[in-house]
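Overview (structure and organization)
Chain residues, written in single-letter form:
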Amino acid sequence: MKVSEGKGDGEAMCPHRLVLEHVTSRWGVLVLIQLHDRSYRFSELRRAIGRVSEKMLTQTLQTLERDGLVHRDAKPVIPPRVDYSLTELGREATEQVRALAQWTERRMDDVLSARRAYDEARDIQPRAS
């Protein structure tokens, strides 16, 4: 998920697909859900999400900011303070992403059962998830 300087071929041809990719990316989903209830400073957002590199979180935040989903509020103080929060557009997208995340939590047992049935039908040893 990289912030582009201008419109690439993919963005010009199918912009909604690119936004969907940003919103549903591994880190995009987690950032949006985490920012749903309050704003975060970079380091506390990174800790709250867990296991995300500084580079990846920076790229994700820049991309979501460029798409109008995240607001970056840099305060002119020493030391510098930057807070990230959702825009109204970001809040709307987050509601959709959260619904999908909640569905996966509710239906995880069914997914695991389907995986077991699939593996047993093919005589494959179950993989650790």
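Anything mentioned here points back to the structure above.
This report concerns the structure included in the present document. (Residues numbered from 1 in each chain as written. Predicted model: local features only at pLDDT ≥ 70, side-chain atom pairs only at ≥ 80, totals over all residues. Heavy atoms only, no water.)

Observations regarding the pairing of strand 2 (residues 70–75)
Direction of pairing for strand 2 relative to strand 3 (residues 81–86): antiparallel, over a ladder of 6 bridges. Bridge assignment links Val70 to a residue of strand 3, and that residue is Leu86. Connecting strand 2 to the antiparallel partner strand 3 that follows it, the hairpin turn spans 5 residues. (Pairing = 2+ DSSP bridges. Helix = DSSP H or I, 4+ residues; strand = E, 2+ residues; numbered from the N terminus.)

Things to note about helix 5 (residues 54–66)
The terminal C-alpha atoms of helix 5, which comprises 13 residues, lie 18 Å apart, in line with the 18 Å expected from a rise of 1.5 Å per residue. Listing the buried residues of helix 5 in full gives Leu57, Gln59, Thr60, Leu61, Thr63 and Leu64. Those residues of helix 5 that are buried are in contact with helix 2 (15–24), helix 3 (26–35), helix 4 (42–49), strand 2 and strand 3. Positive backbone phi, approximately 85°, marks Gly68, located one or two places after helix 5. (Expected span 1.5 Å × (residues − 1). Buried < 20%, exposed > 50% of the residue type's maximum accessible area, 1.4 Å probe, protein only. Contact = heavy atoms within 4.5 Å.)

Digging into unusual backbone geometry
Along the chain, Ile78 connects to Pro79 via a cis peptide bond; the corresponding omega equals -5°. Relative to the elements of secondary structure, Pro79 occurs in the loop between strand 2 and strand 3. The backbone of Arg51 sits at a positive phi, close to 55°, despite the residue not being glycine. In this fold, Arg51 is placed in the loop between helix 4 and helix 5.

Some remarks on the environment of Glu88
As for its position among the elements, Glu88 is in helix 6 (residues 88–121). With 19 residues separating them in the primary sequence, Glu88 and Leu69 have C-alpha atoms 7.4 Å apart.

Digging into the pattern of salt bridges
Two side chains with opposite charge may pair up if their charged atoms get near one another. What the rule picks out here adds up to 5 salt bridges. Measuring nitrogen to oxygen at the nearest pair gives 2.6 Å for the salt bridge that ties Lys75 to Asp73. Residue Asp73 is classed as partly exposed on the basis of its relative accessible area of 30%. Asp83 is the salt-bridge partner of Arg81, the closest N and O atoms lying 3.0 Å from each other. Taking the relative accessible area as the measure of exposure, Asp83 reaches 8% and is therefore buried. One connected set of salt bridges, linked through shared partners, spans Asp73, Lys75, Arg81 and Asp83. (Salt bridge = Lys/Arg side-chain N within 4 Å of Asp/Glu carboxyl O.)

Here we look at the packing of aromatic side chains
Under the defined criterion, the tally for this structure stands at 0 aromatic pairs. Directly above the aromatic system of Tyr118 lies the positively charged group of Arg122, at a separation of 3.9 Å from the ring centroid. (Phe/Tyr/Trp six-rings, centres within 6.5 Å; stacked < 30°, edge-to-face > 60°. Lys NZ or Arg CZ within 6 Å of the ring centre and 35° of its normal.)

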